[in-house]
Amino acid sequence: MYDVLSQDVKYLKGVGPKRSVLLKNEAGISSLHDLLYYLPYKYIDRSHIYKISEVQDGMANIQIIAQIKTIYENGRGRKRRLEALVDDGTGVLRLVWFNGINYIHKRLEINKPYLIFGKPTEFNHEVNIAQPEMTLLTSSVEIDTMARLRPVYSLTESMRNAGITSSVIEQLVANVFEKLDTFKIPETLPEYFRKKYSLMDIEKALHIIHFPENTEVLPEAERRLKFEELFYVQLEILNYANQRTRKYEGFVFSRIGDHFIKFYHESLPFDLTNAQKRVIREIRKDLGSGRQMNRLLQGDVGSGKTIVALMTMLIAIDNGYQACIMAPTEILSEQHYYNVSRMLSMLNVRVELLTGAVIGKRRKQILEDVANGEIDILVGTHALLGDIVNFKNLGMAIIDEQHRFGVEQRAKLWKKNTNPPHILVMTATPIPRTLAMTVYGDLSVSVIDELPPGRKAVQTLHFYEENKEKLIQLVRSEIASGRQVYFVYPLIEESEKADMKDLENGYEQICQLFADMNVGKLHGRMKDDEKNTVMELFKDHQLDILVSTTVIEVGVDVPNASVMVIVNANRFGLAQLHQLRGRVGRGAEQSFCILLTGYKLSEVARRRLEIMVDSTDGFFIAEEDLKLRGPGVLEGTQQSGVIFELKLANVIKDNDLLVEARTAAQELLLSDPEKQNSINDIIWQQLAEKKKNKVNLSNIS
Ligand code: ADP
Ligand code: MG
């Protein structure tokens, strides 16, 4: 059965060698199966035929039936075009083609009726249609089949130029369906399952999706296909998580010992929020369960994840194990090292720092002491992952700002002990809950949904560069009342040189504007010890202003800083803006985030800035972000490794369906954990098929 659909599309009626290459390279269609699953992204109602006399500028895509009266080429070079005048008895309309001129010219015939499809627009005081789709009407039957809801497929420029239009794809799909007399499209979900979740059979669903009779029949067909898509993604994730927990025993941390208790009673610098307490309870439960923990801790910037990490590490130490915490930048590692050592100074716990900057004798010593168990907590960058870093008995590994690391890095931590240590990954990158289910679907999730008391929401303002006075005033008055200020400049690889120059110029300007203040500068190209020195100076309040690139984006914690000025804020994405804003508002005073831009802004940039001004809720921002970007790749998730491309379903719009599909996957795994029941064979075969083309999760373990 399978063989028919796996046939090369080359042999399908209407394809041939040339088109098959295009279909493959441009649309990834190599087999009949691929073609069937090349789904339209929208439909156009083609049941109505307009008269030329009715055609106006600004109409959506329309169709007319008319004959070509003249056809000729016009213009030269880049202006070369093909023009035709068509007549339907009510008037004359000009058609213009800029692409595929030769091919189209050769095929069009004079004085024959064409079904002409395209969008009327005004050009040179005349309404015409550019790049219309032309179908020669050979019989009245054909008009009939045209006159209905028509699928629109995405096409690339090369496909269009070669005359592969939406109608061509439609015809090719129809040719596949024509073969259905001799074979059937193999079902991809068992019958009992389709009944249980009210899903129509696959052949019907695909037929409707490509050739809907009307709009009413579409939702059920879409539901079937989206459900299936979401179901297999969730099944893959949950199945993987299941296998993993079965494969490994987790270290059992049954004791809450001296360190934890002493710290809790004597060193904890503040009362924990209820959310922090709840999360620590969730973690403790995992650690005592005998299973290896793989938990994601989500909490907005400033929600206090570090203290949770610290107390989790103390549990490991109390049970005789070592712990480590890994952060994505040197600055952040330094800061964790500094905070953790300070908070634990009353306890007999040895904390060390390992980054690329720790070298020579000191590095050797640290490596030795980690290996013989004398170091309890090792803080560092990805330097921790190196093969030369051997722990005596690592029981707990924490990754801060997980979105900066990849799955492979998580995987390396697994191998740092004979049994994998418990893993806690933390992230503040706001990611919509529904998406988290997919991207981090293999992890258990804890959420800190409460900020420490007394925080005032950061006030966010959008200022234009053209009137800097307001900004200067604000900065001066904040500094006068003893606070500190960040100025952040964009720095991206593609425009690194120009960006560095902006930063340097900006720094000089700021030094002049605020000549009576202490101004420092920080960027990624500086040497590590220079960076550290500047950061120390800022922390010690020896600097009033820090001019920096986004090296301070994540994690940096200087509660006395109250103003974050983001220069060229239009160049940052929402997630980044939100992270940067999180660097202020960490103390009890009112803080400000100033988004500085020129007057000229793209619509999307303007919308992003509006969202920032209106909201400080990371989850809200993440959802808005997703809406702006569409359901494609999300900032901060590319690295997670668990990306499945959803072709049909949309993680935001189809949220309910996602939850339903996840539940279905859970139920299946519960009811047939050993995959013994033959009624589910189809499902496991399908999963294996789909996995072949997708990200391989099993490389984690
Ligand atoms: P993030 O979740 O962004 O990593 P941090 O752990 O850096 O946040 O905490 C932000 C700030 O809030 C730090 O200065 C920290 O000391 C402080 N903090 C954390 N928890 C509390 C609390 N329960 N009460 C008061 N301050 C807290
Ligand atoms: Mg943090």
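Basis of the calculations
Residues numbered from 1 in each chain as written. Chains lettered and ligands numbered in written order. Predicted model: local features only at pLDDT ≥ 70, side-chain atom pairs only at ≥ 80, totals over all residues. Heavy atoms only, no water. Helix = DSSP H or I, 4+ residues; strand = E, 2+ residues; numbered from the N terminus. Buried < 20%, exposed > 50% of the residue type's maximum accessible area, 1.4 Å probe, protein only. Contact = heavy atoms within 4.5 Å. Lys, Arg positive; Asp, Glu negative; His and termini not counted. Charge placed at Lys NZ, Arg CZ, Asp CG, Glu CD. Pairing = 2+ DSSP bridges. Axes fitted to C-alpha atoms, helices over the stretch in contact; angles between N-to-C directions. Domains from an automatic or database assignment. Near = heavy atom within 4 Å. Polar contact = N/O pair within 3.5 Å; in protein donor to acceptor, adjacent residues only side chain to side chain. Areas by Shrake-Rupley, 256 points an atom, 1.4 Å probe, with all protein chains shown as cover. Nonpolar A, V, L, I, M, F, W, Y, C, P; charged D, E, K, R; others polar. Salt bridge = Lys/Arg side-chain N within 4 Å of Asp/Glu carboxyl O. Expected span 1.5 Å × (residues − 1). Arc of directions from axis to C-beta.

1. Some points on the overall build of the protein chain
In step 1: A tally of helices and strands in the protein chain yields 25 helices and 22 strands.
In step 2: Projecting the C-alpha coordinates of the protein chain onto the three principal axes gives extents of approximately 95 × 70 × 45 Å.
In step 3: In the protein chain, which comprises 701 residues, the share counted as buried stands at 53%.
In step 4: Nonlocal contacts in the protein chain, meaning residues at least 24 apart in sequence, comprise 74% of its contacts between residues at least 6 apart.
In step 5: Computed over 88 positive and 92 negative side-chain charges, the separation of the two mean positions in the protein chain equals 2 Å.

2. Focus: the pairing of strand β5 (residues 113-118)
Consecutive side chains along a regular strand alternate between the two faces of the sheet.
In step 1: Of all six residues in β5, five are buried, a share of seventy percent or more.
In step 2: Bridge count between strand β2 (residues 62-74) and β5: six bridges; the pairing is antiparallel. Paired with Q63 across the strands is F117, a residue of β5.
In step 3: Pairing of β5 with strand β8 (residues 133-136) involves four bridges; the strand directions are antiparallel. By the bridge assignment for β8, F117 is matched with E133.

3. Here we look at the sheet that holds strand β19 (residues 519-522)
In step 1: Reading across from one edge, β17-β22-β21-β18-β20-β19 is the order of the six strands in this open sheet, with parallel pairing throughout. A single partner strand is all that each edge strand has here, and the edge strands are β17 (459-464) and β19. Adjacent strand axes in the sheet meet at a mean angle of 20°, parallel and antiparallel pairs treated alike.
In step 2: Summarising the sheet, β19 and strand β20 (residues 545-548) pair through four bridges and their orientation is parallel. Opposite V519, over in β20, you have I545 as the bridge partner.
In step 3: Of the strands in this sheet, β18 (484-488), β19 and β20 are in contact with helix α19 (residues 496-513), which crosses β19 at around 170°.

4. Some remarks on the environment of H207
In step 1: Along the chain, the position of H207 falls in helix α9 (residues 202-210).
In step 2: Each C-alpha atom, one on H207 and one on F177, is 8.0 Å from the other, the two residues being 30 residues apart in sequence.
In step 3: In this view, H207 contacts F177 and P212; residues no more than four positions away in its chain are not counted.

5. Section: the domain arrangement of the protein chain
In step 1: Taken domain by domain, the protein chain comprises domain 1 (44-152), domain 2 (258-448) and domain 3 (459-615).
In step 2: Averaged C-alpha coordinates put domain 1 and domain 2 at centres separated by 65 Å.

6. Concerning the site of ligand 1
In step 1: Not every one of the 16 residues close to ligand 1 is listed here, only the nearest: D271, G302, K305, T306 and R455.
In step 2: Within the backbone of G304, one N or O atom sits 3.1 Å away from an oxygen atom of ligand 1.
In step 3: With respect to ligand 1, the side chain of D557 contributes an N or O atom lying 2.9 Å from an oxygen atom.
In step 4: Look at ligand 1: alone it shows 560 Å² of surface, and the protein chains cover 84% of it.
In step 5: By residue class, the composition of the shell around ligand 1 is four nonpolar, six polar and six charged.

7. Some remarks on the pattern of salt bridges
In step 1: According to the stated counting rule, one finds 31 salt bridges in the structure shown.
In step 2: Where K226 meets D654, a salt bridge forms, and the shortest distance between an N and an O atom there is 3.3 Å. Here D654 lies in the loop between α23 (618-629) and α24 (655-671) and K226 lies in helix α10 (residues 218-247), a separation of 428 residues in the sequence.
In step 3: Since its relative accessible area comes to 14%, K226 is described here as buried.
In step 4: In this structure, the salt-bridge partner of D286 is R295, at a minimum N-O distance of 2.8 Å.
In step 5: You can call R295 buried: its relative accessible area is 9%.

8. A short note on helix α2 (residues 16-27)
In step 1: Taking 1.5 Å per residue as the helical rise, α2 with its 12 residues ought to reach 16 Å, and the 16 Å between its terminal C-alpha atoms agrees with that figure.
In step 2: R19, S20, L23 and A27 are the residues of α2 that are buried. For α2, the angular spread of buried residues about the axis comes to 105°, placing them on one side. Across from the buried face of α2, at angles greater than 90 degrees, the exposed residues are P17, K18 and N25.
In step 3: Against the buried residues of α2 lie α4 (101-107), α6 (157-161) and α7 (166-178).
In step 4: Two residues or fewer past α2, G28 is found with a positive phi of approximately 70°.

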